[in-house]
Amino acid sequence: MADSDFPFYRPGRSEHGESRESSDVKPKRKVDDEKFALGRRGILVFFTLSVLTLMAALDGTSLSVALPEIAKELNGTAIEAFWSGTSFLLCSTVFQPSFASFSNIFGRRPMILISLLLFCIGAIISAIANDFTYMLIGRSIQGVGGGGIISLSEVIITDLIPLRWRGQYFGILSAMWSVGSVTGPILGGGFSENVSWRWIFYINFPFIGVGGILVILFLNLKLVPSSLVEKLRRIDYFGTVLFVGSMSSFLIPLSWGGISYDWDSWHTLVPLCVGGAGLIVFAFYEYYFASDPIIPPVVFKNRTAVASFIGSVLQGLILWCTLYYLPLYYEAVKEYSPIISGVALFPETFTVAPSGMVAGILITITGRYRWAVWLGWTLSTIGLGLMCLIKVDTSMVGWIFLNIVPGLGLGILFPSLGYAVQASADPENLAIAVAMFSFFRALGQAIGVAVGGVVFQNRMFTNISKYADLAPMAEAYSKDAAGLVQVIKAMADGVDKTNLKEAYTDSLRTVWIVCCAISGVAMAISFLTEHYDLDRALETNQGLRDDDETINGDKDVEMRGTIEEPRPWAW
């Protein structure tokens, strides 16, 4: 079979050293013989993407602690406040694959500018809102823009940087996301308590302005020329509408189940079933009928990608479940303020970013990623098991050290799972594969809060029912973990308060047990991950126009590498 039968094959050397290059091809230096470095414009582009990722992460979490103050000023209900916080995450999740698909058609720069514009419009509407209707509209528009920013930032990295060196850059992006997610509640709490909650949205405008200018000036990417009519014909209209509608119908009841409506209510079950059925129809349509599908089924046709996508969902589930429920322990049981509770998350959250960056660098050096996937899941499983030791009277030193291990494990998973997805994807489907990795992580985040809520509610009801004085309030108290924080803080010191704290802590331990079991399942699934060579040529239709990436300053050096078959034994 001729080499031309393999459209993405690049001549190089096999693992045994024999040359695969034809005699008329000028020999090129191997990728691992040279040091890749971004040029000045590439560094500015990456800086822009990092700033935008930080902005989107800040906005995703900063509103949560300010919702009681916002509800009071806007005369809103608890449900309206809940949806104002949830709408951003839902819209951000649902629209990520669409932005990646459209960027293949219209180009990365136009789509990221549209994302920035939507984010800016949403921030303006939310900042000037005088009732929750406008707040909900603004947050939803912001979420759509935020989803585009998050997914396109990761996609653009694949256009600029060869696979072998992406780990450190993805590690930095993950660090920006982690820092933004952690400092968001602290920033939001500080603004709402000391200035005004509207500053949560005002603070976005400098990010948007600087980011927009830098994108226009420096993100000048190539794009295969075609007419507007041809581009419009390539859009998968039916698939896009079906996916967005079905995913929204699936995620919305997951968000309100057990809070707005009971899990066995038709309000929850009907949209959940309709959304699930719609996603099945969407998959059938994409596979058999779509000429240019928004999500090409081919990205799911190898076991490494499927295992990594599942791992991404479960990592997002565990991480978000932890970030959502752990602060409630500090607020309800330790009676810390929201800001101090955010600070108390540092032992876990500030280990996520450094461990991800270190793992990315080590993968770049070694050319192996499977060890990082397995190590990440091992540490996550052990760490979540250690969190089950947290009790009402656990000391500060105790919970600090108990939270370090899961942070390390979950951080290592960010670059390692991303490497597995990218290494197993064909170049023509790489953008959507990266976007799906980001989407599945966000999907896991949305599911994580719901899973934690179900576990907490059931366990809390059982625990409270054991105490005669608290049993009459068992159903009301167990319904909302966040709402119960204020109930506990308002109670006078005594036996009932002590019992309620004990029940609360035990319920959270059950959440950690479930997360530990999920992490163990993910670790078992991760052993399906195959080895792919990372020394691959950078193949993209949307690289920088005046390419100033250099390898040891030599622009004539072409990135060449070996394409190997998956090797189960290679780490």
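Chemist: Can you help me understand the overall build of the protein in this one?
Modeler: If you tally the helices and strands in the protein, you get 21 helices and 2 strands. Expressed as a percentage of its 571 residues, the buried residues of the protein come to 57%.

Chemist: How do you make sense of the packing of helix H13 (residues 303-332) against helix H21 (residues 495-526) when you look at a structure like this?
Modeler: The axes of two packed helices give the description: the angle between them and the distance between them. Running from N to C, H13 and H21 point in directions that differ by 165°, and their axes come no closer than 10 Å. The orientation of H13 with respect to H21, classified from their angle, is roughly antiparallel. As H13 packs across H21, the resulting crossing turns out to be left-handed. Within the contact between the two elements, H13 uses Ala 307, Ile 310, Leu 314, Leu 317, Ile 318, Cys 321, Thr 322, Tyr 325, Leu 326, Leu 328, Tyr 329 and Ala 332 and H21 uses Lys 501, Tyr 504, Thr 505, Leu 508, Val 511, Trp 512, Cys 515, Ile 518, Ser 519, Ala 522 and Ile 525. Looking at the contact of H13 with H21 residue by residue, the classes come out as 19 nonpolar, 3 polar and 1 charged.

Chemist: What's the story with the side chain of Asn 204 in this structure? I'm lost.
Modeler: Relative to the helices and strands, Asn 204 is located in helix H9 (residues 204-218). Beyond its immediate stretch of four places on either side in the chain, Asn 204 contacts Met 55, Asp 59, Phe 119, Ala 123 and Gln 142.

Chemist: Honestly, the packing of aromatic side chains in this entry has me stumped. Any pointers?
Modeler: We describe a pair of aromatic rings using the distance from one ring centre to the other and the angle between the two ring planes. Per the counting criterion, the structure on display carries 24 aromatic pairs. With a centroid separation of 5.1 Å and 85° between ring planes, the pair formed by Phe 46 and Tyr 169 is classed as edge-to-face. On the criterion of sequence distance, the pair formed by Phe 46 in helix H1 (residues 40-62) and Tyr 169 in helix H7 (residues 166-194) is long-range, its members being 123 residues apart. One exposure class covers both Phe 46 and Tyr 169, and it is buried. Pairwise contacts between aromatic rings join Phe 238, Phe 284, Tyr 285, Tyr 287, Tyr 288 and Phe 289 into one cluster.

Chemist: Is there a simple way to explain the nonpolar core in this structure?
Modeler: Within soluble globular proteins, side chains that are nonpolar generally end up buried alongside one another. Of all hydrophobic cores here, the largest spans 92 residues; its most connected members are Leu 500 and Tyr 504. It is helix H18 (residues 430-465) that contributes the most residues to this core, 18 residues altogether. If we ignore the near neighbours within four places in the chain, the residues touching Leu 500 are Met 460, Ile 464, Leu 470, Tyr 477, Leu 484, Ile 488 and Met 491. Counting 33 residues, the second-largest nonpolar core is a separate cluster that includes Ala 56, Phe 99, Phe 102 and Ile 208.

Chemist: Would you mind going over the pattern of salt bridges with me for this structure?
Modeler: Considering all chains together, one arrives at 12 salt bridges under this definition. In this structure, Lys 497 and Asp 493 form a salt bridge, with 3.4 Å as the shortest nitrogen-oxygen distance. Owing to a relative accessible area of 71%, Asp 493 belongs among the exposed residues under this scheme. Salt bridges sharing common partners tie together Glu 335, Asp 493, Lys 497 and Lys 501.

Chemist: Any chance you could explain empty space enclosed by the protein here in plain terms?
Modeler: If you walk through the whole model with that rule in mind, you get 6 cavities of 30 Å³ or more. Approximately 200 Å³ is the volume found for the largest cavity. Put simply, the parts of the chain that give the lining of the largest cavity at least two residues each are helix H6 (132-160), H7, helix H17 (396-424) and H18. In terms of residue class, the lining of the largest cavity is built from 10 nonpolar, 6 polar and 3 charged. Surrounding the second largest cavity, Pro 162, Leu 163, Arg 166, Gln 422, Pro 427, Leu 430, Arg 536, Ala 537 and Glu 539 form its lining.

Chemist: Is there a simple way to explain the side chain of Ser 265 in this structure?
Modeler: Assignment of secondary structure puts Ser 265 in the loop between helix H11 (237-256) and helix H12 (266-288). Ser 265 gets classed as buried once you look at its relative accessible area, which sits at 15%. In this structure the side chain of Ser 265 is engaged in a polar contact, spanning 3.1 Å, whose partner is the side chain of His 267.

Chemist: Looking at this structure, I do not really get unusual backbone geometry. What am I missing?
Modeler: One non-glycine residue, Glu 335, lies in positive phi territory at about 60°. Residue Glu 335 is classed as partly exposed on the basis of its relative accessible area, which comes to 33%.

Chemist: Quick question: what am I supposed to make of the confidence of the model for the protein here?
Modeler: In low-pLDDT regions, the fine details of the predicted coordinates are not to be read closely. The predicted model of the protein averages 80 in pLDDT, with 87% of residues at 70 or higher. Looking over the protein, one finds the lowest element-wise mean pLDDT in strand E2 (residues 550-551), namely 39, and the highest in helix H16 (residues 370-387), namely 94. Taken together, the stretch residues 547-570 has pLDDT below 50 and engages in 68 contacts with residues farther than four places along the chain or on a different chain.

Chemist: Looking at this model, I keep getting lost on the environment of Gly 418. Mind explaining?
Modeler: Structurally, Gly 418 is set in helix H17. What makes Gly 418 buried here is its relative accessible area of 6%. When near neighbours in sequence (up to four residues on either side) are disregarded, Gly 418 contacts Leu 413 and Phe 437.

Chemist: I'm lost on the packing of H6 against H18 in this one. Help?
Modeler: Where H6 contacts H18, the axes come no closer than 9 Å and their chain directions differ by 145°. Taken as a pair, H6 and H18 cross one another with a handedness that is right-handed. Residue-level inspection shows Ile 150, Ser 151, Glu 154, Val 155 and Thr 158 of H6 in contact with H18, the latter providing Leu 430, Ala 431, Val 434, Ala 435, Phe 437, Ser 438 and Arg 441. In terms of residue class, the contact of H6 with H18 is made up of 7 nonpolar, 3 polar and 2 charged.

The rules behind these values
Residues numbered from 1 in each chain as written. Predicted model: local features only at pLDDT ≥ 70, side-chain atom pairs only at ≥ 80, totals over all residues. Heavy atoms only, no water. Helix = DSSP H or I, 4+ residues; strand = E, 2+ residues; numbered from the N terminus. Buried < 20%, exposed > 50% of the residue type's maximum accessible area, 1.4 Å probe, protein only. Axes fitted to C-alpha atoms, helices over the stretch in contact; angles between N-to-C directions. Parallel < 35°, antiparallel > 145°, perpendicular 65-115°, else oblique. Left-handed = near helix turned anticlockwise from the far one by under 90°. Contact = heavy atoms within 4.5 Å. Nonpolar A, V, L, I, M, F, W, Y, C, P; charged D, E, K, R; others polar. Phe/Tyr/Trp six-rings, centres within 6.5 Å; stacked < 30°, edge-to-face > 60°. Core = buried A, V, L, I, M, F, W, Y, C linked by side-chain atoms within 4.5 Å. Salt bridge = Lys/Arg side-chain N within 4 Å of Asp/Glu carboxyl O. 1 Å grid on protein atoms, 1.4 Å probe; cavity = no way out; pocket = protein on both sides within 12 Å on 5 of 7 lines; lining within 4 Å. Points joined across faces, edges and corners; volume = space filled by probe spheres on them. Polar contact = N/O pair within 3.5 Å; in protein donor to acceptor, adjacent residues only side chain to side chain. pLDDT = per-residue confidence, 0-100.

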